Protein chains: 2
Amino acid sequence: MRCTTRHGVYTSSSDPATLRVLLWRRALDPHIGRWSLPGGRLRPDEDTETSIRRQLAEKVDVKTLTHVEQLGVFSAPNRVPGPRVVATAYLGLMPSDVDPVVPEDTAWHNVDDLPRTAFDHADIVLEARERLRAKLSYTNLGFALAPKQFTISALRDLYSAALGYPISATNLQRVLSRRGVLVPTGRTAAPGRAGGRPAALFRFAHRDIRVTDPFAVFRPPAASSNRRSRTRGPGSKPVT
Amino acid sequence: MRCTTRHGVYTSSSDPATLRVLLWRRALDPHIGRWSLPGGRLRPDEDTETSIRRQLAEKVDVKTLTHVEQLGVFSAPNRVPGPRVVATAYLGLMPSDVDPVVPEDTAWHNVDDLPRTAFDHADIVLEARERLRAKLSYTNLGFALAPKQFTISALRDLYSAALGYPISATNLQRVLSRRGVLVPTGRTAAPGRAGGRPAALFRFAHRDIRVTDPFAVFRPPAASSNRRSRTRGPGSKPVT
DNA sequence: GCAAAAGTGTTAGGCTTACACCCATGC
DNA sequence: GCATGGGTGTAAGCCTAACACTTTTGC
C-alpha cells in the first residue's frame, strides 16, 4: 500500500470571475497523459503541509500559498487501477494577483469546466470547492484569495466566483467590516476611464484563518451584555 | 513509513452528563501500557470507514456506530518515537443507551478528564470533541448520540454534555423542530416518582447526517418567497 | 449635464435567546 | 394543595438581504 499526497491549488488568477485549479498531465501509467492534481512523496523529516509547500515550489514554481488545509483521505480500494493507493488531499489557495510561471505540462483549469481527469481527481477538486465555499462564509478565508490591497468590488468578484452566485458589494462590505475582518487602508484606487467614484482600498485585518461566525445556533449563555459573545469559543464562560 | 488508522469513539453512555471516549492500553512498545485510541491496519479490500467499523466490532465489540467521520491525517515527523508513523484519525459516535461489553484492557474515559495517553492521542481526542461540538450546531448530528426515542430533557442533557455548557430545553426543542430535525412520536414517557408532567417522546427525522443550517452568511439570492431557502445548497438558483 | 461606479441609509424579515406563564402528574 | 418537571406564548435583540438614495468621478 502506498500513501501519497495530492495538492489542490486554487486561485482566481488572471480572470477574477472564475475559480481555477492547477493540474498537470501525468507522465506515467496508469492514466498517462490525463490531467491530475500535482502530488508526490512525503520526506522522512517533513509533515504533510511542509511537503506540499516544498513540492509545489520545486515542481511548479508555486511559492505563494496563502493557505493550506487538509481535505481528507481518499481510500476507496479501486480508486486507482493496479496496486492500492491511498491519497491524502489538500486544498491550497493563492492570491488572485500572482501568476506563477508553470511548466509546459501544467495548466490552470476552470473548476466549473474541468477536463477529463485521472482517477478520482475530479471528485477531489469538487470537494475542495465545497470546502472553500463553506469556509468563505464563516471564516476570514478571503484573505487567502485577495491581493494585499483591494477594492470592495474586486473582492465581490472573488467571492462571487468562488461561491458561484452573485454577491452584493454593499452587504459584503458591511458584513466583513462588522466582523472585523476588513480594514480600510485610507487609500483609494483611481477610477477607470468610464469615470465613477474612486473606490476605497481595504485589506484583511488578519492573514491567518480565523472563525468569524462560530455558532450557527446553540451558543453558550451570554457573557454579561457583551455584544461580541458570538465570536468566542465554546469554552468561554460568563465572567460573573 | 507506515499508515495507520486511529479510531475515536464517543458516547455519553451510562452517565448522560459526560462525553466519553473509548481507550485501550497499548500492548506493545513504545508507550506500552499507556491509554491509546483503538486502531489497526487497513485490509486491501476495504476503505478506511469499513476498516474502522470492522475493527471496532471485532476487537472491542462496538457494533453500533451511528456515525463515522474522518478527522484528518496526523503526520508530524516525530509524533511517534522510532520509525515514522502517519495516522488517519476518525470520529465515531454511538447512542447513549447502548453499552457494549468491552475487553479487560479497554475503558471509557471522560473527555474532560483524560488520563495520560500514548503519543498525540490526547490532541486527537480534543480535535474530535471540537468537531462534534461544531457539527451539533449546524447539522442533525444529535441523531448519532440519542436513543431512538427520547424526551427533550434527555436530549438537552446529551447536548449540554457534548457542548460543555448548559442548553435550554425550551429552545433546543424549538430550534430542532423548526428545522425539521425532530419529530414527535405521539407517545409520552412516564413521570418519575417525584411527579411532574409526562414528557413527550421524540425521534430524529433522519438517521444520516445532514446540514441543517448551511450558511452563516453570504447566502445565495432568495428563490422566490420560499422561507426555507437557507436549507438549500449553494448551487440552487432562483426558480424563475 | 449625464452616465457610471462606489458608498450610505433604511427597512423588513428571519432566527435565536430569554423569561414569564400555563399544564399535568405524584404524593 | 403543592412541589416538580414539562411545555407554550411572547417579547427583545441581533443579523443579513434588499433596495432606494447620495457621492464622486470622466467625458
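From a predicted model like this one, the values you see are computed outputs, not experimental measurements.

Draft legend 1. Highlighting the overall build of chain A. What chain A contains, in helices and strands, is four helices and ten strands. Along chain A, helices (α) and strands (β) appear in the sequence β-β-β-β-α-β-β-β-α-β-α-α-β-β when read from the amino end. In chain A, which comprises 240 residues, the share counted as buried stands at 48%. Across chain A, every contact between residues at least 6 apart in sequence was considered, and the portion connecting residues at least 24 apart equals 61%. When the accessible surface of chain A is split by element, carbon and sulfur atoms take 51% of a total near 11,700 Å².

Draft legend 2. Representation of the sheet that holds strand 9 (residues 182–189) of chain A in the model. All names here are of chain A. Ordered by their spatial adjacency, three strands build an open sheet running 8-10-9, and the pairing between neighbours is antiparallel. Bordering the open sheet on either side are strand 8 (150–151) and strand 9, each of which pairs with just one other strand. The pairing of strand 9 with strand 10 (residues 199–204) spans five bridges and is classified as antiparallel. Counterpart to L182 in the pairing with strand 10 is F204.

Draft legend 3. Molecular detail of helix 4 (residues 169–178) of chain A. Residue and element names in this part refer to chain A. Taken as a whole, helix 4 has its buried residues at L172, V175 and L176. Axial view of helix 4: buried residues confined to an arc of 90°, hence all on one face. Those residues of helix 4 that are exposed and aimed more than 90 degrees away from the buried face are R174 and R178. Packing partners of the buried residues in helix 4 comprise helix 3 (152–163) and strand 9.

Draft legend 4. Examining the interface of chain A and chain B more closely. Listed per partner, the contact involves 43 residues of chain A and 43 residues of chain B. A buried area of about 3,000 Å², summed over both sides, lies between chain A and chain B, and 65% of it is on carbon and sulfur atoms. Viewed at the interface, chain B and chain A are joined by zero salt bridges. In terms of residue count, the dominant contributor to the side of chain A that touches chain B is helix 2 (residues 121–138) of chain A (five residues). Considering only residue class, the side of chain A that touches chain B consists of 25 nonpolar, seven polar and eleven charged.

Draft legend 5. Structural detail: the protein's contact with DNA strand C. Neighbouring DNA strand C are 29 residues, the closest being S153, R174 and A200 of chain A together with R178 and G196 of chain B. Each atom of DNA strand C within 4 Å of the protein was classed as base or backbone; sugar and phosphate made up 69%. Here a phosphate oxygen of DNA strand C sits 2.8 Å away from a polar atom, N or O, in the side chain of S153 of chain A. Between DNA strand C and R174 of chain B there is a distance of 3.3 Å, counted from a base nitrogen to a side-chain nitrogen or oxygen. Those elements that place two or more of their residues in the surface near DNA strand C are helix 3, helix 4 and strand 10 of chain A together with helix 4 (169–178) of chain B. Per-class residue counts for the surface near DNA strand C are ten nonpolar, nine polar and ten charged.

Draft legend 6. Structural context of the confidence of the model for chain A. Across chain A, pLDDT averages 80, with 84% of residues at or above 70. Low pLDDT (under 50) marks residues 224–240 of chain A, which in the prediction has 24 contacts with non-local residues, meaning those over four places away or in another chain.

Draft legend 7. Spotlight on the pairing of strand 6 (residues 85–93) of chain B. Residues and elements named next belong to chain B. Burial runs high along strand 6: nine of the nine residues are buried. Burial of strand 6 is two-sided: the residues V85, A87, A89, L91 and L93 facing one way and the residues V86, T88, Y90 and G92 facing the other way are all buried. The sheet contact formed by strand 5 (residues 67–74) and strand 6 spans seven bridges and is antiparallel. Paired with Q70 across the bridge in strand 6 is Y90.

Draft legend 8. Geometry of the packing of helix 2 of chain A against helix 3 of chain A. Residues and elements named next belong to chain A. For the pair helix 2 and helix 3, interaxial distance at closest approach is 9 Å and the crossing angle is 135°. With respect to their mutual orientation, helix 2 and helix 3 come out oblique. Contacts between helix 2 and helix 3 pair L132, R133 and L136 from the former with Y159, A162 and L163 from the latter.

Draft legend 9. Layout of the relation of the copies chain A and chain B. Of the transformation placing chain A onto chain B, the axial shift is 0.0 Å and the rotation is 180°, giving an RMSD of 0.0 Å. In the structure described here, the two chain copies are related by an operation that fits a two-fold rotation axis. Closest approach to the rotation axis within chain A is made by the C-alpha atom of G72 of chain A, at a distance of 2.9 Å. A symmetric contact is evident, with 100% of the interface residues of chain A recurring at the interface of chain B.

Draft legend 10. How the structure looks around the protein's contact with DNA strand D. If you check the shell around DNA strand D, you find 30 residues, and the closest are R178 and G196 of chain A together with R174, R197 and A200 of chain B. When the atoms of DNA strand D within 4 Å of the protein are sorted by group, sugar and phosphate make up 69%. Here N171 of chain A contributes a side-chain N or O atom positioned 3.3 Å from a base nitrogen of DNA strand D. Between DNA strand D and R174 of chain A there is a distance of 3.3 Å, counted from a base nitrogen to a side-chain nitrogen or oxygen. Elements represented by at least two residues in the surface near DNA strand D include exactly helix 4 of chain A together with helix 4 and strand 10 (199–204) of chain B. Among the elements that make up the surface near DNA strand D, the one with the highest residue count is helix 4 of chain A (five residues). Classifying every residue of the surface near DNA strand D gives ten nonpolar, ten polar and ten charged.

Draft legend 11. A look at the sheet that holds strand 9 (residues 182–189) of chain B. Residue and element names in this part refer to chain B. Read from one edge to the other, the open sheet built from three strands follows the order 8-10-9, with strand pairing classed as antiparallel. Each edge of the open sheet carries a strand with a single partner, namely strand 8 (150–151) and strand 9. In this structure, strand 8 lies alongside strand 10, joined through two bridges in antiparallel fashion. In the sheet register, F150 faces strand 10, and the bridge partner there is F202.

Draft legend 12. Fine view of the packing of aromatic side chains. Residues and elements named next belong to chain A. For the structure shown, the criterion picks out two aromatic pairs over all chains. Between F150 and F204 the ring centres are 5.4 Å apart and the planes differ by 45°, which places this aromatic pair in the tilted class. Placement of F150 in strand 8 and of F204 in strand 10 is noted, with a sequence separation of 54 residues between them.

Draft legend 13. Main features of the nonpolar core. In this structure, L132, L155, Y159, L176, L182 and F204 of chain A together with F218 of chain B are the most contacted members of the largest nonpolar core, which totals 40 residues. With six residues, the single largest contributor to this core is helix 3 of chain A. Counting 38 residues, the second largest nonpolar core, distinct from the first, contains F218 of chain A together with F143, A162 and V175 of chain B.

Rules and cut-offs
What you see as residue numbers is a count from 1 along each chain, following the sequence as written. Lettering of chains starts at A and numbering of ligands starts at 1, both following the order in which they are written. Side-chain atom pairs in this predicted model are given and counted only at pLDDT of 80 or more, local residue features only at pLDDT of at least 70, and totals for whole chains, interfaces and linings cover all residues. Side-chain measures were taken over the full set of non-hydrogen atoms in the model, leaving aside hydrogen atoms and water. Under the scheme used here, helices are H or I runs from DSSP no shorter than 4 residues and strands are E runs no shorter than 2 residues, and both carry numbers assigned from the N terminus. Note on classification: 1.4 Å probe, protein chains only; a residue is buried when its accessible area is under 20% of the maximum for its type, exposed when over 50%, partly exposed between these limits. Throughout, a contact is declared for two residues whenever any of their heavy atoms are within 4.5 Å. Accessible surface area values rest on a Shrake-Rupley calculation with a 1.4 Å probe, where residue burial reflects the displayed protein chains alone. What makes two strands pair is DSSP finding at least two bridges between them. As used here, the arc is the angular range of directions from the helix axis to the C-beta atoms. Accessible area that two parts lose when put together, evaluated with a 1.4 Å probe and summed over both, is termed the buried area. Salt bridges, as used here, are contacts in which a Lys or Arg side-chain nitrogen is within 4 Å of a carboxyl oxygen on Asp or Glu. Gly falls in the polar group here, along with every residue not listed as nonpolar (Ala, Val, Leu, Ile, Met, Phe, Trp, Tyr, Cys, Pro) or charged (Asp, Glu, Lys, Arg). A cutoff of 4 Å decides nearness: a residue is near a molecule or strand if any of its heavy atoms lies inside that distance of it. A 3.5 Å cut-off defines polar contacts: any pair of N or O atoms within that distance qualifies, except that in protein one atom must be a possible hydrogen donor and the other a possible acceptor, and neighbouring residues in sequence count only when both atoms are side-chain atoms. The pLDDT value expresses, per residue, how confident the predictor is, ranging between 0 and 100. Note on definitions: angles span 0 to 180 degrees between N-to-C directions of axes, and those axes are lines fitted to C-alpha atoms, for helices only across the stretch in contact. Each angle receives one of four descriptions, namely roughly parallel if under 35 degrees, roughly antiparallel if over 145, roughly perpendicular if within 65 to 115, and oblique otherwise. Copies overlap after least-squares fitting; the atoms used are the C-alpha atoms of residues with pLDDT of at least 70 in both. Any two of the Phe, Tyr and Trp rings considered here, Trp counted by its six-membered ring, make a pair once their centres fall within 6.5 Å; the pair's planes then place it as stacked at under 30 degrees, edge-to-face at over 60, or tilted in between. What makes a nonpolar core is a set of buried Ala, Val, Leu, Ile, Met, Phe, Trp, Tyr and Cys residues whose side-chain atoms join them at distances within 4.5 Å.

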